[in-house]
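Single-letter residue listing:
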Amino acid sequence: MTRQDTTFRAAVEGATVAHRQFRTELDVETKDSKMDFVTQADTDTQHRVIEIIKDRYPEATIVGEEEDERKSLPDDGNAWVIDPIDGTTNFVRGVHLWTTTVAAVRDHETVAATTVAPAVDDVYTADSNGTMLNGERTAVSTETDPEQFIVAPILRYGSERDGEFGKLLRGLIRQFGDLRRFGCAQVTLGMVASGTIDAAVSTQPEPNPWDTVAGVYLVEQAGGTVTDIDGTRWTPDAEGIVATNGKRHGEVVEYVAQMIR
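Residues numbered from 1 in each chain as written. Predicted model: local features only at pLDDT ≥ 70, side-chain atom pairs only at ≥ 80, totals over all residues. Heavy atoms only, no water.

(A) Structural detail: the nonpolar core. Core analysis: the biggest nonpolar cluster contains 38 residues, and V81, V219, V226, W234 and I241 have the highest contact counts within it. At the level of elements, β4 (78-86), β5 (99-106), β6 (109-117), β7 (122-127), α5 (185-194), α6 (209-221) and β14 (239-244) are the ones that each hand at least two residues to this core. At seven residues, the largest contribution of residues to this core is made by α6. If near-sequence neighbours (up to four positions away) are discounted, V226 is found in contact with V216, V219, E220, R233, W234, I241, V242, A243 and H249. Of all hydrophobic cores here, the second largest spans 16 residues; its members include A11, A15, V49 and A60. (Core = buried A, V, L, I, M, F, W, Y, C linked by side-chain atoms within 4.5 Å. Buried < 20%, exposed > 50% of the residue type's maximum accessible area, 1.4 Å probe, protein only. Helix = DSSP H or I, 4+ residues; strand = E, 2+ residues; numbered from the N terminus. Contact = heavy atoms within 4.5 Å.)

In structure tokens:
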């Protein structure tokens, strides 16, 4: 079984665990803020994902959002980055856009990823051969006119950066054709990869790897471009994310810089 096979099986089976609890009576707790939710579904799903990975790779290094797993990528070697439920607020409120996501990383480079959005029956996968959506090859959009771009802001982590986030929102809606905010970074990046939207943007410094690594890989393998907000190739410790179809990427980076500085 390849690493891609393992990410697929772990994400699909994990998503099945989560989906069984979707729109049921949940025991909801909060972590760092009143909008930072965690449920039993998160922990149950993470346990199942890890079980699948360690069945094939018993010594696997796990980077995961919940419990006591690592919170950052190791400096070298293999690792598995998992988000049992990305878009937990959506999950808690009964909104369909949430995912279970698993990525395989070698020496800080992603080699395989799967994002499952079970409530909308979408499965995104990527490896060195490209990106697939529901078993069919997919690619970023071909839109070249920024005034017709649909752009999505992602990764609002806390109220302390809401001033900057507000500036970003105002700038995006003025500069581009339209704006969407889905409340789930991984499914949003999947939409960029499949050409549903044209770009996703965050100014959040050092975004969590479980919110980003898989989705960034989906976009890159679908022919898109992903950088930090200064236009440098994106890495998990980058400041922000600019993920686009690559057609006018430099201009999008410039626009974002103007919006927040």
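(B) Representation of the sheet that holds β7 in the model. If you trace the seven strands from one edge of the open sheet to the other, you get β3-β4-β5-β6-β7-β8-β9, paired in mixed fashion. Only two strands of the sheet have a single partner each, and these edge strands are β3 (62-64) and β9 (136-137). By the bridge criterion, seven bridges tie β4 to β5 in an arrangement that is antiparallel. Of the residues in β5, the one forming a bridge with N78 is R106. Each of β4, β5, β6 and β7 is contacted by helix α1 (residues 3-21), which is oriented at about 30 degrees to β6, the strand it contacts most. Packed onto the sheet, α5 meets β4, β5, β6, β7 and β8 (130-133) and runs at close to 70 degrees relative to β7. (Pairing = 2+ DSSP bridges. Axes fitted to C-alpha atoms, helices over the stretch in contact; angles between N-to-C directions.)

(C) How the structure looks around unusual backbone geometry. A positive phi angle, near 60 degrees, is found at R23, a position not held by glycine. You will see that N134, though not glycine, has its phi angle at about 55 degrees, which is positive. Position of N134 among the secondary structure elements: in the loop between β8 and β9.

(D) Expanded view of α1. Given a rise of 1.5 Å per residue, 19 residues ought to cover 27 Å, and the 28 Å separating the end C-alpha atoms of α1 matches this to within 8%. Every buried residue of α1 is accounted for by Q4, T6, T7, A10, A11, G14, A15, V17, A18 and Q21. The buried residues of α1 occupy an angular sector of 160 degrees when projected down its axis, which confines them to one face. Buried positions along α1 lie against α2 (40-56), β4, α3 (88-93), β5, β6 and β7. Looking one or two residues past α1, R23 carries a phi angle of roughly 60 degrees, positive in sign. (Expected span 1.5 Å × (residues − 1). Arc of directions from axis to C-beta.)

(E) Inspection of the pairing of strand β12 (residues 199-205) at higher detail. Counting buried positions along β12 gives six out of seven residues, so the element sits mostly inside the fold. Across three bridges, the pairing between strand β10 (residues 150-153) and β12 is parallel. Looking across to β12, one finds that P153 is bridged to V201. Where β12 lies against β14, five bridges are found, and the strand directions are antiparallel.

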